[in-house]
Amino acid sequence: MPRRYDPERRQRIIDAAIRVAGEKGLAGLSHRSVAAAADVPLGSTTYHFKTLDELMVAALRQANEGFAKVIASRGGLADPRTDLAAELAGLLGEWLAGERTGVELEYELYLAALRRPALRPVAAEWADDLAARLAARTDPVTARALVALTDGICLQVLLTGTSYDEEYAREMLARVIDAGT
């Protein structure tokens with residue numbers, strides 16, 4: 001039987017990995033569980049992703065696109081006329097108000113880099129991209145501090161189940177920005 005050409009298979013596998021991790025957590029992620037969710041043979045997952053780390057890197061890279069899409073849709077970080085603290089607090093609010101499972105998955109994959117060195121460069125891409133965008137409006141040290149603060153705020157919201165307080169976030173971000181000037 002001739003081999004079936006399926007140019008979307010790799011992407012379906014990545015999408016399935018994200019769904020599996022969203023439903024079962026990273027502990028439930030395996031080539032076998034992803035193959036079942038993608039409705040592809042097990043060999044397809046191992047063909048496209050030799051190791052589970054490779055599959056997790058692809059999933060993390062795609063998951064990172066969630067916050068990047070929010071940034072792109074608003075465009076205010078680059079506009080020098082906008083209040084940077086208010087814009088960043090608004091971005092966090094919009095992102096956290098989105099699909100909770102997706103936000104949690106992004107952070108779960110991001111934190112998985114603690115134990116999986118292969119994920120570290122991809123996890124750093126998110127922070128580096130945001131810091132670069134912020135450094136266009138402030139200095140690099142303040143930009144890094146803002147990234148650390150946004151990470152902390154997001155983790156607190158996710159871990160405690162509390163509602164995101166945009167005004168609090170705006171005030172804290174403004175303090176860091178003001179301290180850097």
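A.B. asks: What is the right way to look at helix H1 (residues 9–24) in this model?
C.D. replies: Note: α-helices contain 3.6 residues per turn, so residues at a spacing of three or four share the same orientation. The first and last C-alpha atoms of H1 sit 22 Å apart over 16 residues, in line with the 22 Å expected at 1.5 Å per residue. Of the residues making up H1, those classed as buried are Arg9, Ile13, Ile14, Ala16, Ala17, Ile18, Val20 and Ala21. The secondary structure elements touched by the buried residues of H1 are helix H2 (31–38), helix H3 (42–48), helix H4 (52–63) and helix H7 (100–112). A positive phi of about 80° marks Gly25, the residue just after H1.

A.B. asks: Explain the layout of surface pockets to me, please; I cannot follow it from the model alone.
C.D. replies: Over the atoms rolls a probe the size of a water molecule, and its path tells where empty space is left. If you add up the space inside the largest pocket, you get close to 360 Å³. Together, 19 residues line the largest pocket, and Ile18, Ala63, Glu99, Gly102 and Glu106 are the ones closest to its centre. Within the residue set of the lining of the largest pocket, elements represented by two or more residues are H1, H4, helix H5 (65–74) and H7. Considered class by class, the residues forming the lining of the largest pocket number six nonpolar, six polar and seven charged.

A.B. asks: Help me understand the environment of Ile18, please; the structure alone is not making it clear to me.
C.D. replies: Residue position: Ile18 is located in helix H1. C-alpha of Ile18 to C-alpha of Leu60: the two residues are 42 residues apart in sequence and 8.4 Å apart in space. In this view, Ile18 contacts Ala59, Gln62, Ala63 and Leu105; residues no more than four positions away in its chain are not counted.

A.B. asks: Could you clarify how one ought to interpret the side chain of Ser33 in this entry?
C.D. replies: Turning to its location among the elements, Ser33 is positioned in helix H2. The exposure class assigned to Ser33 is buried, which follows from its relative accessible area of 15%. The contacts of Ser33, once residues within four sequence positions are left out, are Val20 and Gly28.

A.B. asks: How should I be thinking about the pattern of salt bridges in this particular structure?
C.D. replies: As a working rule, side chains carrying opposite charge can pair if their charged atoms are close by. The tally for this structure, following the rule as stated, stands at nine salt bridges. A salt bridge links Glu125 to Arg61; its shortest N-O distance comes to 2.5 Å. Here Glu125, found in helix H8 (residues 120–135), pairs with Arg61, found in helix H4; they are 64 residues apart in sequence, far enough to count as distant. One salt bridge connects Glu171 with Arg175, and the closest N-O pair in it is separated by 2.7 Å. Taken together, the residues Glu171 and Arg175, both in helix H10 (residues 166–180) and four residues apart, mark about one turn of the helix.

Thresholds applied
Residues numbered from 1 in each chain as written. Predicted model: local features only at pLDDT ≥ 70, side-chain atom pairs only at ≥ 80, totals over all residues. Heavy atoms only, no water. Helix = DSSP H or I, 4+ residues; strand = E, 2+ residues; numbered from the N terminus. Expected span 1.5 Å × (residues − 1). Buried < 20%, exposed > 50% of the residue type's maximum accessible area, 1.4 Å probe, protein only. Contact = heavy atoms within 4.5 Å. 1 Å grid on protein atoms, 1.4 Å probe; cavity = no way out; pocket = protein on both sides within 12 Å on 5 of 7 lines; lining within 4 Å. Points joined across faces, edges and corners; volume = space filled by probe spheres on them. Nonpolar A, V, L, I, M, F, W, Y, C, P; charged D, E, K, R; others polar. Salt bridge = Lys/Arg side-chain N within 4 Å of Asp/Glu carboxyl O.

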